[in-house]
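# A closer look at the structure
Chain by chain, the residues run as shown.
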Amino acid sequence: MAERRLKVLVVDDHDVVHWGFRVLLGEQPWVERCLGARTGAEAAEVLKAFTPDVALVDLFLAGESGADVCDSIRKASPSTRVLLISGAGRMSPAAARAAGASGFVSKDWEAREVARAVRMVGLGMTVFAPTSEQPAPLLTEREREVLDLIAAGSTNREIAQRLFLSPHTVKEHTSAVYRKLQARNRAEAVQLAQRIGLLG
């Protein structure tokens, strides 16, 4: 099993990171082929053509959630295992497993440790960073409060009254939440937050 060579798919929309991971993994002796995709749609095409053993998927892709891409990959190719990775937030093991992932690691890890995690997941193991090694929380405590109230259906005015903030300050916090979650509106922000475990 340890000698098995793996086909690896990297799904990341940031060009430097995308190619960095492809070069890193392509140099590993246990990698048979390293493939790439920048969107969920591109990943679906690669799955049809190559059926990779393991996919390294960024948690935050432009316009879509890595958790949703993970779910799509697992449905389209059940034999392909997924390792989620992020440099901008954290995800609980329970939320990662719910999305179909076999692991979650941080981009703060050393390159060789990320490569090792990809190999372990590809060989059927699970890899979840200890809580102490997770990157800093994606949202501040105040942003989490605003997000919770958005999820409850409160308007900006109602949130301002509830948290004793000015409407302008609430708007700033709401904009920060959208930016960090890469969401376009309230409904999308709530959906993405649920998928990565920020909301119950």
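Structural data are supplied above this passage.
These remarks concern the structure in this document. For every chain, the first residue of its written sequence is number 1, and the numbers climb from 1 along that sequence. With the structure being a predicted model, the display of local features is reserved for residues of pLDDT at least 70 and the display and counting of side-chain atom pairs for 80 or more, all residues being used for whole-chain, interface and lining totals. Side-chain numbers here rest on the full set of heavy atoms in the structure, without hydrogens or water.

### Focus on the side chain of S154
Our working definition: Each helix is a run of H or I in the DSSP string that is no shorter than four residues. Each strand is a run of E no shorter than two, and both are numbered from the N terminus. Here the term buried applies to any residue with accessible area under 20% of the maximum for its type, exposed to any over 50%, and partly exposed to those in between, with areas from a 1.4 Å probe on protein chains only. Between two residues, a contact is recorded if the distance between any of their heavy atoms is within 4.5 Å.
Structurally, the position occupied by S154 is in the loop between α6 (141-151) and α7 (156-163). We classify S154 as buried; its relative accessible area is 14%. The contacts of S154, once residues within four sequence positions are left out, are L149, I159 and R186.

### Some remarks on the state of the cysteines
The cut-off we apply is this: Whenever a pair of cysteine sulfur atoms sits within 2.5 Å, that pair is classed as a disulfide.
By the definition in use, this model includes 0 disulfides. In this structure C34 is a free cysteine whose sulfur lies 18 Å from that of C70, the closest cysteine sulfur available. Accessibility expressed as a relative area gives 14% for C34, which makes it buried. With a relative accessible area of 0%, C70 lands in the buried category.

### Some details on the environment of L61
On the secondary structure map, L61 appears in strand β4 (residues 60-61). Residue classification places L61 among the buried positions, given a relative accessible area of 1%. Other than its neighbours up to four places away in sequence, L61 contacts V11, D12, D13, R38, G66, V69 and Q182.

### Side note on the pairing of strand β2 (residues 31-37)
Heads up, the rule is: Two strands are said to pair when DSSP picks up at least two bridges between them. Seen with the strands pointing away from the viewer, any crossover whose path from the first strand over the helix to the second strand runs clockwise is right-handed.
As judged from the 6 bridges shared by strand β1 (residues 6-11) and β2, these two strands associate in the parallel manner. Note that in β2 the partner of V10 across the bridge is G36. Read as a crossover between parallel neighbours, the route from β1 over helix α1 (residues 15-26) to β2 is right-handed.

### Re helix α5 (residues 111-122)
Basically, it comes down to this: The span one expects for a helix is its residue count, reduced by one, times 1.5 Å.
Over its 12 residues, α5 runs 17 Å from end to end, which matches the ideal 16 Å to within 8%, given 1.5 Å per residue. Among the residues of α5, those classed as buried are V114, A115, A117, V118, M120, V121 and G122. At its buried positions, α5 is contacted by β1, α1, β3 (54-58), β6 (81-86), β7 (103-106) and β8 (127-128). Backbone geometry just after α5 places G124 at a positive phi near 100°.

### Notes on the packing of α1 against α5
Condition: The axes used here are C-alpha line fits, helices contributing only the stretch in contact, and every angle between their N-to-C directions lies in the interval 0 to 180 degrees. For classification purposes, an angle smaller than 35 degrees is called roughly parallel, one larger than 145 roughly antiparallel, one from 65 to 115 roughly perpendicular, and anything else oblique. By the convention adopted, Pro, Cys, Tyr, Trp, Phe, Met, Ile, Leu, Val and Ala count as nonpolar, Lys, Arg, Asp and Glu as charged, and the other residues, Gly among them, as polar.
In the contact formed by α1 and α5, the axes pass within 10 Å of each other and the chain directions differ by 70°. On the basis of the axis angle, α1 is roughly perpendicular to α5. Residues F21, L24 and L25 of α1 form the contact with α5, whose own contacting residues are A111, V114, A115 and V118. Looking at side-chain class alone, the contact of α1 with α5 contains 7 nonpolar, no polar and no charged residues.

### Concerning the nonpolar core
Formally: Each nonpolar core is a collection of buried residues, namely Ala, Val, Leu, Ile, Met, Phe, Trp, Tyr and Cys, held together in the definition by side-chain atoms within 4.5 Å.
By size, the foremost hydrophobic cluster in this structure holds 46 residues, and its most contacted members are L84, M91 and L181. Of all hydrophobic cores here, the second largest spans 23 residues; its members include F21, V114, A115 and V118.

### Points about the pairing of β1
Counting buried residues in β1 gives 5 out of 6 residues, a clear majority hidden from the surface. Looking at chain direction, β1 and β3 are connected through 4 bridges and run parallel. When the bridges of β3 are listed, V8 appears paired with V54.

### Things to note about the sheet that holds β6
Taken together, 6 strands build an open sheet; the order of strands is β2-β1-β3-β6-β7-β8 and the sheet is parallel. Edge positions in the open sheet fall to β2 and β8, since each of these has one partner strand only. Together, β1 and β2 form the strand contacts of helix α2 (residues 40-50), whose direction differs from that of β2 by roughly 150°. Set on the sheet, helix α3 (residues 66-76) makes contact with β1, β3 and β6; between it and β6 the angle comes to about 170°.

What is shown is where atoms sit, not what they do.
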